[in-house]
Amino acid sequence: MALENQELRKAGLKVTLPRVKIYQLLEKAGESEHFSAEDIYKMLMEQGEDVGLATVYRVLTQFESAGLVCRHHFEGGHSVFELARDDDHDHMVCIKTGRVSEFTDPRLNALLDEIAKANGFNISDRTLYLYGQFEDDKA
């Protein structure tokens, strides 16, 4: 719990039980999973935590403002959260199941840098979402 406390304090946030619990869930997810506010609320309820959905939304918004998490808005109004990272990674979103998978491709990163350079453009940030279906998600 000490690491979560440090991260919250470093972001200028008071350490509270709901903040710590939500941060821990996001940290456990790592790079593989992205959670909606509702997902986080359900997980907290399963753990027996008495945290309301409004609190989950409020904490996630505070985390986003403090730079601790990134919110991704997917088509259809689907928003998910992940801990903020410094690496360039992209997302594949299954239009059937809503499953989100991250990927990193150094060739893609190099190509985007090359395109930007050829156009006299300096990339400060980027986001790439691919929409489709995973073969193992098809009926």
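These numbers were taken from a predicted model, which means no experiment stands behind them.

Draft legend 1. Broad picture of the sheet that holds strand S3 (residues 90-94). Spatially, S4-S3-S5 is the arrangement adopted by the 3 strands of the open sheet, whose pairing is mixed. In the strand order of this sheet, the two ends are held by strand S4 (100-103) and strand S5 (129-132), each with one partner. Ignoring strand direction, the axes of neighbouring strands in this sheet form an average angle of 25 degrees. Examined bridge by bridge, S3 and S5 share 4 bridges and lie parallel to one another. Residue pairing across strands places His91 opposite Tyr129, the latter belonging to S5.

Draft legend 2. Region of interest: the UniProt feature "binding site: Fe cation" (unreviewed entry) in the protein chain. Taking the numbering used here, the UniProt-annotated feature "binding site: Fe cation" (unreviewed entry) corresponds to Asp90. The class of Asp90 is buried, set by a relative accessible area of 1%.

Draft legend 3. Structural view of the packing of helix H1 (residues 2-10) against helix H2 (residues 17-29). Between H1 and H2, the shortest axis-to-axis distance is 10 Å and the interhelical angle comes to 105 degrees. As summarised for this structure, H1 and H2 are arranged roughly perpendicular, according to the angle between their axes. Residues Leu3, Glu4, Asn5, Glu7 and Leu8 of H1 form the contact with H2, whose own contacting residues are Arg19, Val20, Tyr23, Gln24 and Glu27. Classifying every residue of the contact of H1 with H2 by side-chain character gives 4 nonpolar, 2 polar and 4 charged.

Draft legend 4. Seen up close, the packing of aromatic side chains. Summed over all chains, the structure comprises 2 aromatic pairs. A centroid spacing of 6.2 Å and a plane angle of 80 degrees characterise the contact between Tyr23 and Phe63, whose relative ring orientation is edge-to-face. One end of the pair, Tyr23, is in helix H2; the other, Phe63, is in helix H4 (residues 53-66), with 40 residues separating them in the sequence. Pairing Phe74 with Tyr129 gives two aromatic rings, centres 4.8 Å apart and planes at 75 degrees, and the pair type is edge-to-face. Here the residue Phe74 occupies a position in strand S1 (residues 69-74), and Tyr129 occupies one in strand S5, the gap between them amounting to 55 residues.

Draft legend 5. Structural view of the pattern of salt bridges. By the definition in use, this model includes 6 salt bridges. Asp105 is the salt-bridge partner of Arg107, the closest N and O atoms lying 2.7 Å from each other.

Draft legend 6. Structural view of the pairing of S4. Here S4 shows no split at all, with Val100 and Glu102 on one side and Ser101 and Phe103 on the other all buried. Relative to S4, S3 runs antiparallel, the two being bridged by 4 bridges. By the bridge assignment, Val93 is partnered in S4 with Val100. Linkage of S3 to S4, two consecutive antiparallel strands, is achieved through a turn of 5 residues, within which Gly98 is found at a positive phi near 85 degrees.

The rules behind the values
Residues numbered from 1 in each chain as written. Predicted model: local features only at pLDDT ≥ 70, side-chain atom pairs only at ≥ 80, totals over all residues. Heavy atoms only, no water. Pairing = 2+ DSSP bridges. Helix = DSSP H or I, 4+ residues; strand = E, 2+ residues; numbered from the N terminus. Axes fitted to C-alpha atoms, helices over the stretch in contact; angles between N-to-C directions. UniProt positions renumbered as here; feature names shortened; annotations may be inferred. Buried < 20%, exposed > 50% of the residue type's maximum accessible area, 1.4 Å probe, protein only. Parallel < 35°, antiparallel > 145°, perpendicular 65-115°, else oblique. Contact = heavy atoms within 4.5 Å. Nonpolar A, V, L, I, M, F, W, Y, C, P; charged D, E, K, R; others polar. Phe/Tyr/Trp six-rings, centres within 6.5 Å; stacked < 30°, edge-to-face > 60°. Salt bridge = Lys/Arg side-chain N within 4 Å of Asp/Glu carboxyl O.

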